[in-house]
Amino acid sequence: MALNICFKAGAAAGKAGSFIPPNPPEMEPLASRHTPAYRAARLFMHGVNLGNYLEAPPGQSWGITCSADEFAIMRSEAFDHVRVPVGWHHYAGPAPDFALSPEIFSRVDFVVTNALANKLAVIINIHHFDELDRDPAGQSEKFLALWRQIAAHYKKFPGQLAFELDNEPHAAATTALMNPIYARAIAEIRKTNPRRVIFVEPGNWGSIDELKNLVLPPDDNVVVSVHCYEPFYFTHQGATWAGPDTKVKGIQFPGPPATPLLPDPSLELKPWVRDWIQRYNTLPTGKNPSSPLAFEGKLKFAREWSDYYGRPVHVGEFGCFTSADPQSRANFYAAFRRALDEQKLGWAIWDWSAGFRYWDKKNGRPMPGMHEALFGTIQQQPAN
Ligand code: BGC
């Protein structure tokens, strides 16, 4: 399935439907749908994130191992690509060269070559570069040096390998501050990889709402990647790293629950979380905050933005933590995938075998309902 296959030949870019981007930035729409980016995007339709593996700093393990045969399993499950988060910045020497260690190259090479050998396209990124989020200007030379080296190392690799510049820029790394840094990184990569597809994420954690502030150079081999974890209190219930608002567990998808959820008063929930739970307990599914309503509008906006600017959009992360009940997880992945299919957006789930896992390594099979949710026949939306 190709992105934008429904775009009518001859329709002018910037004139897709009645969509007018709010506060349009100074970015010229690309007129053609026959760009290298659109061709490349077809390789990245149904993917999985190899999360919590190569992001870990040297000497640390976040509990994930990865053997060569797992790529064959990914492929046989019907994934067409794997997104590989990498903590390159932990493996760099001092300024001004920021020389990357052979150790990280050999670990990434293992993943990339085995994925490619199993007919999976691959995205490698820079993940959790927290210093860049705190001080984008101060860290930009390091960021560029990392990409200079990664690009040189992989310049002979096939076109099924993509580079994604930075995972989830946030904090001081606003979209506006990252725009010129991205432009410099793309120029750097183009010196050695004139034809490689490059993925770029807007700020505020790759938010779809930030697309309006993204300004890309006219390079026609760039795919825009966004993340969406809505409905957040459902997908991140029990996720300790996600802050105090995700303490309530037992939230189902879709709401409302048969019996209202009564959170433990000792959790001291913020008023907006209490309000969300109240709406979750009482509203019918079509209006419930734990329902497709939480993401459908955002994905529609991503599609309209994409058509307007002539830039393919990929949803590089969505998913639900395994602390949600298995049936709700399966319902959620199925509904999200249905909405992505409706908008003809490529996607990669978070994640393969870690906390949001697809694959149950212990039992050698997918987690309950996950294969059907992502690759089964699309069910009709239940009438509300
Ligand atoms: C982070 C993971 C996290 C996931 C969901 C990813 O971008 O790298 O650590 O589990 O988002 O919150």
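For the structure itself, consult the block above.
Scope of this entry: the structure provided in the associated data block. The model shown is predicted, which means the values in this text are computed figures rather than measured ones.

Quick notes on helix α11 (residues 326-342)
The end-to-end C-alpha distance of α11 is 24 Å, a good match for the 24 Å that 17 residues give at a rise of 1.5 Å each. A positive backbone phi angle near 55 degrees is found at Lys 344, which sits one or two residues after α11.

Comments concerning the site of the ligand
In the vicinity of the ligand, the contacting residues are His 127, His 128, Asn 167, Glu 168, Tyr 229, His 236, Trp 241, Glu 317, Trp 350 and Phe 356. In the model, an oxygen atom of the ligand is placed 3.2 Å from a nitrogen or oxygen of the His 128 side chain. For the shell around the ligand, the class distribution of residues is four nonpolar, four polar and two charged.

Re the pairing of strand β2 (residues 81-84)
Side chains on a regular strand alternate between the two faces of the sheet. Alternating residues of β2 divide into His 81 and Arg 83 and Val 82 and Val 84, and every residue in both groups is buried. Summarising the sheet, strand β1 (residues 46-49) and β2 pair through three bridges and their orientation is parallel. From the neighbouring strand, Val 48 faces β2, where its bridge partner is Val 82. Alignment of β2 against strand β3 (residues 121-125), held across four bridges, turns out to be parallel. Residue pairing across strands places Arg 83 opposite Ile 123, the latter belonging to β3.

Let's talk about unusual backbone geometry
That bond from Ala 95 to Pro 96 is cis: its omega, 0 degrees, falls within 30 degrees of zero. Mapping Pro 96 onto the fold places it in the loop between β2 and α3 (102-117). Pro 256 follows Gly 255 through a cis peptide bond whose omega is 0 degrees. With respect to the helices and strands, the residue Pro 256 is situated in the loop between α8 (232-235) and α9 (271-282). Here the phi dihedral of Asn 23 falls at roughly 45 degrees; this positive angle occurs in a residue that is not glycine.

Digging into the packing of helix α5 (residues 136-153) against helix α6 (residues 175-192)
Following both chains from N to C, one finds α5 and α6 inclined at 25 degrees, their axes separated by 9 Å at the closest point. Put simply, α5 runs roughly parallel to α6. Once α5 is placed against α6, the crossing between them reads as right-handed. Of α6, the residues touching α5 (which contributes Pro 136, Ser 140, Glu 141, Phe 143, Leu 144, Trp 147, Arg 148, Ala 151 and Ala 152) are Leu 177, Met 178, Ile 181, Arg 184, Ala 185, Glu 188, Ile 189 and Thr 192. Class assignment for the residues of the contact of α5 with α6 results in 11 nonpolar, two polar and four charged.

Some thoughts on the nonpolar core
Of all hydrophobic cores here, the largest spans 102 residues; its most connected members are Phe 79, Trp 88, Ile 124, Leu 165, Trp 305, Phe 318 and Tyr 333. Looking at which element gives the most residues to this core, the answer is helix α10 (residues 293-309), with seven residues. Setting aside residues no more than four positions away along its own chain, Trp 88 makes contact with Leu 100, Ile 104, Phe 105, Val 108, Ile 124, Asn 125, Ile 126, Leu 146, Ile 150 and Tyr 154. One finds Ala 37, Ala 40, Ala 41 and Ala 121 within the second-largest nonpolar core, a separate group that totals 10 residues.

Quick word on α10
In a regular helix each residue adds 1.5 Å, so 17 residues correspond to 24 Å; α10 covers 25 Å between its end C-alpha atoms and thus fits that length. Of the residues making up α10, those classed as buried are Ala 294, Phe 295, Leu 299, Phe 301, Ala 302, Arg 303, Trp 305, Ser 306, Asp 307, Tyr 308 and Tyr 309. The inward-facing, buried residues of α10 contact α1 (36-41), β6 (222-227), β7 (313-317) and α11.

Brief notes about the pairing of β3
The buried fraction of β3 amounts to five of the five residues, a majority that puts the element mostly inside the structure. Handedness of the crossover is the feature at issue here: the chain leaves β2, passes through α3, returns alongside β3, and the resulting connection is right-handed. Pairing between β3 and strand β4 (residues 161-164): four bridges, direction parallel. Across the sheet, the residue bridging to Ile 123 is Ala 162, located in β4.

Re the sheet that holds β4
Strand order in the closed barrel made by the eight strands is β1-β2-β3-β4-β5-β6-β7-β8, with parallel pairing throughout. In this sheet, adjacent strand axes meet at a mean angle of 25 degrees when their direction is disregarded. Judged from the two bridges that link them, β7 and strand β8 (residues 346-349) form a sheet pairing that is parallel. Of the residues in β8, the one forming a bridge with His 314 is Gly 346. Docked against the sheet, α3 engages β2, β3 and β4, running at close to 160 degrees with respect to β3. Its contacts with the sheet place α5 against β3 and β4, and it is angled at close to 180 degrees to β4.

Looking at the packing of aromatic side chains
Considering all chains together, one arrives at 32 aromatic pairs under this definition. Measuring from ring centre to ring centre gives 5.8 Å for Phe 318 and Tyr 333, while their planes differ by 50 degrees; the resulting arrangement is tilted. Of this pair, Phe 318 sits in the loop between β7 and α11 while Tyr 333 sits in helix α11, and the two are 15 residues apart along the sequence. Each of the two residues, Phe 318 as well as Tyr 333, counts as buried. A centroid spacing of 6.1 Å and a plane angle of 40 degrees characterise the contact between Trp 347 and Phe 375, whose relative ring orientation is tilted. With Trp 347 in strand β8 and Phe 375 in helix α12 (residues 370-375), this residue pair connects regions lying 28 residues apart in the sequence.

The rules behind these values
- Residues numbered from 1 in each chain as written.
- Predicted model: local features only at pLDDT ≥ 70, side-chain atom pairs only at ≥ 80, totals over all residues.
- Heavy atoms only, no water.
- Helix = DSSP H or I, 4+ residues; strand = E, 2+ residues; numbered from the N terminus.
- Expected span 1.5 Å × (residues − 1).
- Near = heavy atom within 4 Å.
- Polar contact = N/O pair within 3.5 Å; in protein donor to acceptor, adjacent residues only side chain to side chain.
- Nonpolar A, V, L, I, M, F, W, Y, C, P; charged D, E, K, R; others polar.
- Buried < 20%, exposed > 50% of the residue type's maximum accessible area, 1.4 Å probe, protein only.
- Pairing = 2+ DSSP bridges.
- Axes fitted to C-alpha atoms, helices over the stretch in contact; angles between N-to-C directions.
- Parallel < 35°, antiparallel > 145°, perpendicular 65-115°, else oblique.
- Left-handed = near helix turned anticlockwise from the far one by under 90°.
- Contact = heavy atoms within 4.5 Å.
- Core = buried A, V, L, I, M, F, W, Y, C linked by side-chain atoms within 4.5 Å.
- Right-handed = clockwise from strand over helix to strand, strands pointing away.
- Phe/Tyr/Trp six-rings, centres within 6.5 Å; stacked < 30°, edge-to-face > 60°.

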